[in-house]
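Close look at the chain arrangement
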Amino acid sequence: MKRVVILTGAGMSAESGLGTFRGGGGLWDEYPVELVATPEGYASNPALVIEFYNKRRTELLRVVPNEGHRLVASLEKDYDVTVVTQNVDDLHERAGSTNIIHLHGELMKVCSSHSPQDLRYVRTLQPTAPTIALGDLAADGSQLRPYIVWFGEAVPYMSDAIAAMRDIDAFIIIGTSLNVYPAAGLLNYAPAGTPVYLIDPNDVNAVLPRNAIHIRKGASEGMRVLIDEYLKISK
Ligand code: NAD
């Protein structure tokens, strides 16, 4: 079976109603990124950071996957698919994708403040109780914190994502400005000559391989164009 890797970013979930990071609007405008997405911000005001991710979780529970997520999942009928996502939402899972690498963590999970990557202390929150508070402790006795990879922290699953790029038959990029590293660097691991497709309605400020095809559409319409016109998958 042919193999594809699909790298997704905040634009993938925009049509579901979740704000992009640089697009303006939504929660990201109310809370400065350096306060809510860095270890320093968490150290200086943990209550604010916990509140921000509580609100994002509540927001996530109100939205559903869009057609783009569903079409990404549908590719598993014809391809061996690895989704590498920068998104912390669970919309790929809910749409039916089964092989997902979350580079930047998962919103519905919480972990130890002392050892954020120690999986023994990672817990999944239930939709009926999606918030945490100061004073809630992980099993190691430290404050529970969001299981999110903040700016400046190591990206533990990057090596798995790089390994997934070996011998792929196509690389598909959806809804990422390709500004956040190391995720954006995944492009450099596409074997020479691999077809590269970019689905994004806007220009992307990154050096793409010369053979890259930019489908200037949103995630849902772009996936339809990709499937019908480029991958030519028969229904
Ligand atoms: P970004 O905001 O920097 O870029 C989003 C990209 O999506 C832009 O290029 C934009 O043109 C494009 N876009 C906008 N609407 C689109 C649509 N309908 N269909 C397809 N593309 C569309 O996002 P990024 O590159 O993912 O980096 C932001 C960081 O913020 C990431 O680390 C991510 O973890 C985090 N983030 C995650 C979520 C989420 O989990 N849903 C939401 C916001 C931010």
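For the structure, check the block above.
Now for a quick tour of the structure. In this text, all values refer to a predicted model and were calculated from it rather than measured experimentally.

Thresholds, definitions, all that
For every chain, the first residue of the written sequence is number 1, and numbering continues from 1 onward in sequence order. For a predicted model such as this one, the threshold for reporting local features is a pLDDT of at least 70, and the threshold for listing and counting side-chain atom pairs is 80 or more; totals across whole chains, interfaces and linings nevertheless cover every residue. Each side-chain value is derived from all of the structure's non-hydrogen atoms; neither hydrogens nor water enter the calculation. A helix here means a DSSP run of H or I that spans at least four residues, while a strand means a run of E at least two residues long, and both kinds are numbered starting from the N terminus. It is over C-alpha atoms that the radius of gyration is taken, and the globule rule equals 2.2 Å times the number of residues to the power 0.38. Here the term buried applies to any residue with accessible area under 20% of the maximum for its type, exposed to any over 50%, and partly exposed to those in between, with areas from a 1.4 Å probe on protein chains only. Contacts are residue-level and defined by heavy atoms, with any inter-residue pair within 4.5 Å sufficient. In these tables, accessible area is a Shrake-Rupley quantity obtained with a 1.4 Å probe, and a residue counts as shielded only by the protein chains included in the view. Only four residue types enter the tally: Lys and Arg on the positive side, Asp and Glu on the negative side; His and the chain ends are excluded. All charge positions are set by atom: Lys at NZ, Arg at CZ, Asp at CG, Glu at CD. Any carboxyl oxygen of Asp or Glu within 4 Å of a side-chain nitrogen of Lys or Arg constitutes a salt bridge here. Near residues are defined by distance, with any heavy atom within 4 Å of the molecule or strand qualifying the residue. We define a polar contact as two N or O atoms separated by no more than 3.5 Å, with the added condition that, inside protein, one atom must be a possible hydrogen donor and the other a possible acceptor, whereas residues neighbouring each other in sequence contribute only through side-chain atom pairs. Asp, Glu, Lys and Arg are counted as charged, while Ala, Val, Leu, Ile, Met, Phe, Trp, Tyr, Cys and Pro are counted as nonpolar; the rest, among them Gly, fall into the polar class. A pair of strands counts as paired when DSSP detects no fewer than two bridges linking them. Helix axes use the C-alpha atoms of the stretch in contact, all axes being lines fitted to C-alpha atoms, and the angles between their N-to-C directions lie in the range 0 to 180 degrees.

The helix and strand tally for the protein stands at eight helices and nine strands. Taken over the C-alpha trace, the protein has a radius of gyration of 18 Å; the compact-globule value for 235 residues is 18 Å, and the two agree within 12%. Seen through its C-alpha atoms, the protein measures out along the principal axes to roughly 55 × 30 × 30 Å. Here the protein holds 235 residues, and the buried ones make up 50% of them. Within the protein, residue pairs in contact and separated by at least 24 positions form 64% of the contacts whose partners lie at least 6 positions apart. With an accessible surface of roughly 11,100 Å², the protein has 51% of that area assigned to carbon and sulfur atoms. Placing the 21 positive and 27 negative side-chain charges of the protein at their respective mean positions leaves the two points 3 Å apart.

We now examine the pattern of salt bridges. Applying the stated criterion across every chain, the model contains eight salt bridges. Close ionic contact of Arg 94 with Asp 90 constitutes a salt bridge, the shortest N to O distance being 3.1 Å. With its nearest N and O atoms 3.1 Å apart, the salt bridge here joins Arg 145 to Glu 153. Of the residues examined, Arg 145 reaches a relative accessible area of 3% and is grouped as buried.

Bringing the site of the ligand into the picture now. Taken together, 27 residues lie near the ligand, and Arg 22, Gln 86, Ser 177, Asp 200 and Asn 202 sit nearest. At 2.8 Å from an oxygen atom of the ligand is found a main-chain nitrogen or oxygen belonging to Val 88. The contact in question runs from a nitrogen atom of the ligand to an N or O atom on the side chain of Asp 89, over 2.8 Å. In isolation the ligand offers 860 Å² of accessible surface; the protein chains occlude 91% of this area. Residue composition of the shell around the ligand, by class: nine nonpolar, 13 polar and five charged.

Now for helix H5 (residues 67–74). Of the residues making up H5, those classed as buried are Gly 68, His 69, Leu 71, Val 72 and Ala 73. Where H5 starts, the residue carrying a side-chain oxygen 2.7 Å from the main-chain nitrogen of Gly 68 turns out to be Asn 66.

What follows deals with the pairing of strand E7 (residues 170–174). For E7, the buried fraction is high: five of the five residues fall into the buried class. One ladder, built from five bridges, connects strand E1 (residues 3–8) with E7; its direction is parallel. Bridge assignment links Val 5 to a residue of E7, and that residue is Phe 171. As defined by bridge partners, E7 adjoins strand E8 (residues 196–199) across four bridges and the pair is classed as parallel. When the bridges of E8 are listed, Ile 172 appears paired with Tyr 197.

Across the sheet, three strands lie side by side as E5-E4-E6; this open sheet has antiparallel pairing. If you trace the sheet from one side to the other, it starts and ends with strand E5 (123–124) and strand E6 (144–148), each paired once. Where strand E4 (residues 105–112) meets E6, four bridges bridge the pair, whose relative direction is antiparallel. Bridge pairing in E6 places Ser 112 opposite Leu 144. Sheet strands touched by helix H4 (residues 46–61): E4 and E6. Its angle to E4, the strand with the most contacts, is close to 140°.

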